[in-house]
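Coordinate inspection notes
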Amino acid sequence: MNYSLIKYFRFIPPELAHFFFLKLIGLEIIEKKYFNENLKISLWGKTFSNPLGLAAGFDKNAESISGLFSLGFGFVEVGTITPLMQKGNKKPRVFRLPEYEAVIQRLGFNNLGSKNALKNIEKYAKDKANNILGINIGKNSETKDTRVDYINLLKLFSKYSDYIVLNISSPNTPGLRELQKKQNIEDFLISIKKNNHDKVPILLKISPDISDNDLKNICELVKTKNFIDGLIVSNTTTSREMIKTKPIKDSWKIHEAGGLSGPPLLNLSNKILAKTYAATNGKIPIIGVGGVSSAKDAFEKIALGASLIQLYTALIYKGPNIVVEILNDLSKLLKEKGFKDLKSAIGHKVKV
């Protein structure tokens, strides 16, 4: 299969292009496994063959898990999954910014619901070959008691996942980011911990737009209370300052509501990453995500405190080969910089 044909997907609407791309990957017609000893890392009692994973949002319904692993990822995160099927926000809701290789989207947790995802995950689990699967969960937009949705999803998926992500940072579900605030987050995490009967690792995904006070509070909870096992830094941003440095053909897109992803997010997410690593004294694993499109970007996140890295938007613009390209170059870069392995490079640019 010549995956260079994917570049022509840019001529069809973004959501339709994504549908075809995901179906194509699901056919499992390529095998690009990659391994290099210096990229291996162990976290949460599990060994990751490499640190590069697929971020949530790409395979919302867990329908192409095996095909995604065949691209060379060290781990794959599916979702965001909500208890009930959800259509999401009104279309159009995804906007490409090719000048920046970026995307603005306000999908709104559109997915087919937990029953559909569970069926797909159970089918995949029968053939699982030591692949590390994360499941990203969220609330339905109409749910009043947020904790109920997260607790029910945790109970449903915990035995099938290597880690569970609490997505409380999407900008596209009204009121969701309020959970990050000091008066809300501790009670929420206490409820989650109490209901984590399978003791699956729990990760919290935070926003790049989080206030310093809210970030400091979350980091304090991480250090002093054993509520969660890791952080994902970060989700998409509502900021637009980083896409005003050069002309955009369809400049109206800048003003569309939603989260911005891709290279323009890199510097902002890296700032939050470094703050998080320092504030937690490097004691909790962090997955760095936001703007990664090269080995240089991945290495920078590792240097600022990420133990693992995720990408999404780069896969859309650069195609499936980007996974192995980044891994190959990252392995070389670690050697060139004098690091014997991935672990020894984590956080070396941050004063803790």
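Whatever comes next refers back to the structure up there.
Residues numbered from 1 in each chain as written. Predicted model: local features only at pLDDT ≥ 70, side-chain atom pairs only at ≥ 80, totals over all residues. Heavy atoms only, no water.

**Some remarks on the overall build of the protein chain**
Per the secondary structure count, the protein chain includes 10 helices and 13 strands. Here the protein chain has a C-alpha radius of gyration of 19 Å; the compact-globule value for 352 residues is 20 Å, and the two agree. Seen through its C-alpha atoms, the protein chain measures out along the principal axes to roughly 50 × 50 × 45 Å. In the protein chain, which comprises 352 residues, the proportion classed as buried is 60%. Counted over contacts in the protein chain with a minimum sequence separation of 6, partners at least 24 positions apart contribute 74%. Carbon and sulfur atoms make up 51% of the accessible area of the protein chain, which totals about 15700 Å². Between the mean site of the 52 positive side-chain charges and the mean site of the 33 negative ones, the protein chain shows a separation of 1 Å. (Helix = DSSP H or I, 4+ residues; strand = E, 2+ residues; numbered from the N terminus. Rg over C-alpha atoms; globule rule 2.2 N^0.38 Å. Buried < 20%, exposed > 50% of the residue type's maximum accessible area, 1.4 Å probe, protein only. Contact = heavy atoms within 4.5 Å. Areas by Shrake-Rupley, 256 points an atom, 1.4 Å probe, with all protein chains shown as cover. Lys, Arg positive; Asp, Glu negative; His and termini not counted. Charge placed at Lys NZ, Arg CZ, Asp CG, Glu CD.)

**Some details on the side chain of Lys60**
Along the chain, Lys60 falls in the loop between strand 3 (52-54) and helix 2 (65-69). No salt bridge is formed by the buried Lys60, whose closest oppositely charged neighbour, Glu15, lies at an N-O distance of 8.3 Å. Once residues within four sequence positions are removed from consideration, Lys60 is found in contact with Gly79, Thr80, Ile81, Leu107, Asn110 and Asn111. (Salt bridge = Lys/Arg side-chain N within 4 Å of Asp/Glu carboxyl O.)

**Some thoughts on the pattern of salt bridges**
Considering all chains together, one arrives at 15 salt bridges under this definition. The residue Asp250 makes a salt bridge to Lys253 at a minimum N-O spacing of 3.5 Å. Judged by its relative accessible area of 29%, Asp250 falls in the partly exposed class. With a relative accessible area of 12%, Lys253 lands in the buried category. Between Glu300 and Lys349 there is a salt bridge; the shortest N-O distance is 3.1 Å. One end of the pair, Glu300, is in helix 8 (residues 295-303); the other, Lys349, is in the segment after helix 10 (322-336), and 49 residues separate them in sequence.

**Description of unusual backbone geometry**
Both trends apply: most residues other than glycine have a negative phi, and most peptide bonds are in trans. The linkage connecting Gly79 with the following residue, Thr80, adopts the cis geometry, with an omega of 15°. Following Lys91, the chain continues into Pro92 via a peptide bond in cis, with omega recorded as -5°. Mapped onto the elements of the fold, Pro92 is located in the loop between strand 4 (75-81) and strand 5 (94-97). Unusually for a residue other than glycine, Ala62 sits at a positive phi of about 55°. Mapped onto the elements of the fold, Ala62 is located in the loop between strand 3 and helix 2. On the basis of relative accessible area, Ala62 is assigned to the buried category, the value being 3%.

**Some thoughts on the sheet that holds strand 11 (residues 259-261)**
The strand order 5-6-11 describes an open sheet built from three strands, whose pairing is antiparallel. Where the open sheet ends on each side, the last strands, each with one partner, are strand 5 and strand 11. Looking at each pair of strands side by side, their axes are set apart by 20° on average, direction ignored. (Pairing = 2+ DSSP bridges. Axes fitted to C-alpha atoms, helices over the stretch in contact; angles between N-to-C directions.)

**What about the packing of helix 6 (residues 212-224) against helix 7 (residues 266-279)?**
Where helix 6 contacts helix 7, the two axes come as close as 9 Å, and the packing angle between them is 40°. For the element pair helix 6 / helix 7, the angle class is oblique. Taken as a pair, helix 6 and helix 7 cross one another with a handedness that is right-handed. Across the interface between the two elements, Asp212, Leu215, Cys219 and Lys223 from helix 6 touch Ile272, Lys275, Thr276 and Ala279 from helix 7. (Parallel < 35°, antiparallel > 145°, perpendicular 65-115°, else oblique. Left-handed = near helix turned anticlockwise from the far one by under 90°.)

**Some details on helix 4 (residues 146-157)**
The periodicity of an α-helix, 3.6 residues per turn, causes residues three or four positions apart to be oriented the same way. Between its terminal C-alpha atoms helix 4 stretches 17 Å, which fits the 16 Å expected from 12 residues at 1.5 Å a residue. Among all positions of helix 4, only Thr146, Asp149, Tyr150, Ile151, Leu153, Leu154 and Phe157 are buried. Packed against the buried residues of helix 4 are strand 4, helix 3 (114-125), strand 7 (132-137), strand 8 (163-167), helix 5 (182-194) and strand 9 (202-206). (Expected span 1.5 Å × (residues − 1).)

**Quick look at the packing of aromatic side chains**
This model, assessed by the stated rule, comprises 11 aromatic pairs. Judged by centre distance (6.2 Å) and plane angle (10°), the ring pair of Phe69 and Tyr124 falls under stacked. With Phe69 in helix 2 and Tyr124 in helix 3, this pair connects stretches of sequence that are 55 residues apart. Each member of the pair, Phe69 as well as Tyr124, carries the same accessibility label: buried. Seen from their ring centres, Phe299 and Phe339 are 6.2 Å apart, and the 50° between their planes marks the pair as tilted. (Phe/Tyr/Trp six-rings, centres within 6.5 Å; stacked < 30°, edge-to-face > 60°.)

Geometric descriptors of this kind do not, in isolation, establish any biological role.
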